[in-house]
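As a plain string of letters, each chain reads:
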Amino acid sequence: MITQETAGALAAVLDDAQTSVSDTPSLADTHTLTVDDAYAVQAALLARRTARGERPTGVKLGFTSEAKMAQMGVSEIIVGRLTDAMRVVDGAEVELARFIHPKVEPEVAFRLGRDVDPHDPDADLADCVDAVAPALEIIDSRYRDFRFTYEDVVADNTSAAGYAVGPWLPVRDVSDLAVHLTHGGSRAEGTTAAILGAPVNALRALLDMARRRDVPLRAGDTVLAGAATAAVALTPGVTTCEVAGLGRVSVRSV
Ligand code: OOG
Ligand code: MG
């Protein structure tokens, strides 16, 4: 296990890459990190963000679909943290200059209606969800050329950079809904079934991760279940995610 000091130093490297909008080499070039080490770096990264006033707003899962696993060459789920600084209002502008090499992906978001104790053996996260919505996630790996190991991407807070959530709707079955991502002239199609068979399975996976990784789950938190398709480069223009029966959410990149 790396020391707290090393975790803090590696978090500083990733944080500086983000704030200075410049990429950084894979940590694996210089450090041998375990998955536990990587989550310690992620925690130190979040601590830096909260120390400068950012407020945690929820959690995100990554690599919950085959398309994403294949795209990034990674085959196990990861969990990262969202803050208010990453939030983009539905329909609002996002400045591409804030990012290194952003990509966007279509997602489904859940909202937690109450605090959940991940260590409660009877906890059922799906029971605690009070709303669902279509969502867009902007990912922006801090690593050069978006190339990373599993431990790298965990340390880098799972490439989290931005997210937009459409209008919240009452809870419903979101198991197999068509998903369309449109960006300029291009269009990607998928289904929510690509997310671990059904997004509700992402909630089960999240509860397990939260238990193992000490991730808090609080009332009002947004949970991003993971992308339903591969990510596409975010370039100027309007990007929309439409989930059949849930509606749409968009961002305008400038
Ligand atoms: C890591 C983030 C993966 C998802 O939805 O699968 C992710 C990355 O691809 O850079 O957010
Ligand atoms: Mg994602």
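Everything numeric in this text was worked out from a predicted model, so none of it was measured.

Draft legend 1. Layout of the coordination of the magnesium ion (ligand 2). Coordination of the magnesium ion (ligand 2) by the protein involves Glu 105 (OE), Glu 107 (OE) and Glu 137 (OE), with metal-donor separations of 2.0 Å. Sequence spacing among the residues donating to the magnesium ion (ligand 2) works out to E-x1-E-x29-E. On the criterion of sequence distance, the pair formed by Glu 107 in strand 4 (residues 103-112) and Glu 137 in strand 5 (residues 129-139) is long-range, its members being 30 residues apart. Classification of Glu 107 as buried rests on a relative accessible area of 2%.

Draft legend 2. Just the site of ligand 1, in detail. The local shell around ligand 1 holds 17 residues, among which Lys 60, Phe 63, Lys 68, Glu 105 and Ser 159 are the closest. Contact between ligand 1 and Glu 137: an oxygen atom at 3.0 Å from a side-chain N or O atom of the residue. Within the side chain of Ser 159, an N or O atom sits 2.6 Å from an oxygen atom of ligand 1. Taking 320 Å² as the accessible area of ligand 1 by itself, protein coverage stands at 100%. Elements represented by at least two residues in the shell around ligand 1 include exactly strand 1 (56-62), helix 3 (66-72), strand 4 and strand 5. It is strand 1 that contributes the most residues to the shell around ligand 1, three residues altogether. Its residues assigned to classes, the shell around ligand 1 shows eight nonpolar, four polar and five charged.

Draft legend 3. Structural context of the packing of aromatic side chains. Under the criterion given, the structure shown has two aromatic pairs. Considering the side-chain rings of Phe 146 and Phe 148, the 6.4 Å spacing of their centres and the 50 degrees angle between planes classify their relative orientation as tilted. Per residue, the accessibility class of Phe 146 equals that of Phe 148, and both read buried. Among the aromatic residues, those joined into a ring-pair cluster are Tyr 143, Phe 146 and Phe 148. Between the NZ or CZ atom of Lys 103 and the centre of the ring of Phe 146, over which it lies, the distance is 4.0 Å.

Draft legend 4. Quick look at the pattern of salt bridges. Applying the stated rule across the entire model yields 13 salt bridges. In this structure, Asp 15 and Arg 48 form a salt bridge, with 2.7 Å as the shortest nitrogen-oxygen distance. Of this pair, Asp 15 sits in helix 1 (residues 4-19) while Arg 48 sits in helix 2 (residues 35-51); the two residues are 33 residues apart in sequence, bridging distant segments of the chain. In this structure, Asp 36 and Arg 213 form a salt bridge, with 2.6 Å as the shortest nitrogen-oxygen distance. Of this pair, Asp 36 sits in helix 2 while Arg 213 sits in helix 6 (residues 199-213), and the two are 177 residues apart along the sequence. Judged by relative accessible area, Asp 36 falls into the partly exposed class, the value being 42%. Within this structure, Asp 15, Arg 48, Arg 49, Arg 52 and Glu 54 form a network of salt bridges that share partners.

Cut-offs and rules
- Residues numbered from 1 in each chain as written.
- Chains lettered and ligands numbered in written order.
- Predicted model: local features only at pLDDT ≥ 70, side-chain atom pairs only at ≥ 80, totals over all residues.
- Heavy atoms only, no water.
- Donors = N, O, S within 2.8 Å, 3.2 Å for Na, K, Ca; no water.
- Helix = DSSP H or I, 4+ residues; strand = E, 2+ residues; numbered from the N terminus.
- Buried < 20%, exposed > 50% of the residue type's maximum accessible area, 1.4 Å probe, protein only.
- Near = heavy atom within 4 Å.
- Polar contact = N/O pair within 3.5 Å; in protein donor to acceptor, adjacent residues only side chain to side chain.
- Areas by Shrake-Rupley, 256 points an atom, 1.4 Å probe, with all protein chains shown as cover.
- Nonpolar A, V, L, I, M, F, W, Y, C, P; charged D, E, K, R; others polar.
- Phe/Tyr/Trp six-rings, centres within 6.5 Å; stacked < 30°, edge-to-face > 60°.
- Lys NZ or Arg CZ within 6 Å of the ring centre and 35° of its normal.
- Salt bridge = Lys/Arg side-chain N within 4 Å of Asp/Glu carboxyl O.

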